[in-house]
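Now for the letters of each chain:
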Amino acid sequence: IGTLTTQITTMKFQAILLATVFASSSAFVPSVAPLRTSISLDAKHANNKAAKKAAHNRPKKSRPSDINRKPTNYPTWESPPEYTISDN
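Everything numeric in this text was worked out from a predicted model, so none of it was measured. (Residues numbered from 1 in each chain as written. Predicted model: local features only at pLDDT ≥ 70, side-chain atom pairs only at ≥ 80, totals over all residues. Heavy atoms only, no water.)

Peer 1: Could you clarify how one ought to interpret the overall build of the protein chain in this entry?
Peer 2: Along the protein chain, the regular secondary structure elements total three helices and zero strands. Counting helices and strands in the order they occur from the N terminus, the protein chain gives α-α-α. Counting all 88 residues of the protein chain, 1% fall into the buried class. Within the structure as shown, the protein chain displays about 9,800 Å² of accessible surface, and the carbon and sulfur contribution to it stands at 63%. (Helix = DSSP H or I, 4+ residues; strand = E, 2+ residues; numbered from the N terminus. Buried < 20%, exposed > 50% of the residue type's maximum accessible area, 1.4 Å probe, protein only. Areas by Shrake-Rupley, 256 points an atom, 1.4 Å probe, with all protein chains shown as cover.)

Written as structure tokens, this is what we have:
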């Protein structure tokens, strides 16, 4: 009777293991999508992207000091040499 119960428990374990393998393997099978006859995306107009919307909604410059402001003059940057040769 002892070996019979161990056989039943191993069969249950194998059945559960097999069921989990089948359930997890279905995630890797590509789904069947309906075929479309047209390749177009059916979009009439392109949407504004985030940067364009943000620029459109920014506050307008109304003060003359803001309107006539010149761009900032940053100092030029000279990159250092990539390698330095030492005399050691």
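Peer 1: Where do I start with the pattern of salt bridges in this structure?
Peer 2: Opposite charge on two side chains allows them to pair when their charged atoms are near. Within the structure shown, the criterion is met by two salt bridges. As a salt-bridge pair, Arg-63 and Asp-66 come within 3.1 Å of each other at their nearest N and O atoms. A relative accessible area of 48% means that Arg-63 is categorised as partly exposed. Among the salt bridges present, the one from Arg-69 reaches Asp-66, with a minimum N-O distance of 2.7 Å. For Arg-69, a relative accessible area of 57% translates into the label exposed. (Salt bridge = Lys/Arg side-chain N within 4 Å of Asp/Glu carboxyl O.)

Peer 1: Looking at this model, I keep getting lost on the environment of Lys-60. Mind explaining?
Peer 2: Relative to the helices and strands, Lys-60 resides in the loop between helix 2 (50-56) and helix 3 (64-67). A residue is classified by how much of its surface remains accessible, and Lys-60, at 63% relative accessible area, is exposed. A distance of 3.3 Å separates a polar side-chain atom of Lys-60 from the backbone oxygen of His-56. (Polar contact = N/O pair within 3.5 Å; in protein donor to acceptor, adjacent residues only side chain to side chain.)

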